Amino acid sequence: NRNILLPPINGPARVPNPDTFKLKDFFDKDFENWLRMRDQITISTRDNPNFASVEFRLMMAPAIGTKTVALYVPFSASAFEICKSFALHYETLMSAQSTVKISMRMPGDSRQMNTDDMRFNGDVFLYTENALTDDQKAALNALYRKHGVTEVSYRSGEWTIYDRSLLKTEQENNPGPPPKPGNWTVSPHMPIPK
């Protein structure tokens, strides 16, 4: 299920109704102006090889030569354990995604940019349907720091309420043609052969 998500050609897509957006929708929409690669991954334990299925995203900003990662965890009593496991394995997942090589040149720029040249900026974004406690976040921050992460951003249902208001304000301040019902997509998808 690996895909490359290309930035929209005409800027960010207008959202039909921000009030209906769920956390997964924000995970799909955030960083839409970045080059994004996504994959479904299975988290395993010793006792359960199919412990959880989550979505991983590698996001790259060619203009500034940086990349970051995000994880979406659906409702799960084990959200904290899944986030801990991701801290131990995100570098391996980033390396696996780097098997897809992309070279590009921005219009009017003589510089050739390659995904191999992009460096991890130290940021990790965790989208969890279950809100994590402050103690869990503190434990995760310490664990991620041990593995080269400088900043962990947590996004859950509470954050969704905040981001909905930003989307509504953005659309009110930048009126454009209303989205066509049934004809809206977060961004184009291009499947990558495995």
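Residues numbered from 1 in each chain as written. Predicted model: local features only at pLDDT ≥ 70, side-chain atom pairs only at ≥ 80, totals over all residues. Heavy atoms only, no water.

With respect to the secondary-structure elements, G122 resides in strand β7 (residues 119-128). When the C-alpha positions of G122 and V69 are compared, they lie 8.9 Å apart, and in sequence the two are 53 residues distant. In this structure G122 touches G148, V149, T150 and E151, once residues within four positions along its chain are discounted. (Helix = DSSP H or I, 4+ residues; strand = E, 2+ residues; numbered from the N terminus. Contact = heavy atoms within 4.5 Å.)

The full count for this structure, using the stated rule, is 7 aromatic pairs. Both rings, one in Y90 and one in F120, keep their centres 5.5 Å apart while their planes meet at 45°; by these two values the pair is tilted. Of this pair, Y90 sits in helix α2 (residues 79-97) while F120 sits in strand β7, and the two are 30 residues apart along the sequence. Under the relative-accessibility criterion, F120 is labelled partly exposed at 25%. (Phe/Tyr/Trp six-rings, centres within 6.5 Å; stacked < 30°, edge-to-face > 60°. Buried < 20%, exposed > 50% of the residue type's maximum accessible area, 1.4 Å probe, protein only.)

Structurally, R155 is set in strand β8 (residues 151-155). Among all residues touching R155, those that are not within four sequence positions of it are L23, D30, F31, F125, L126, Y127 and T128.

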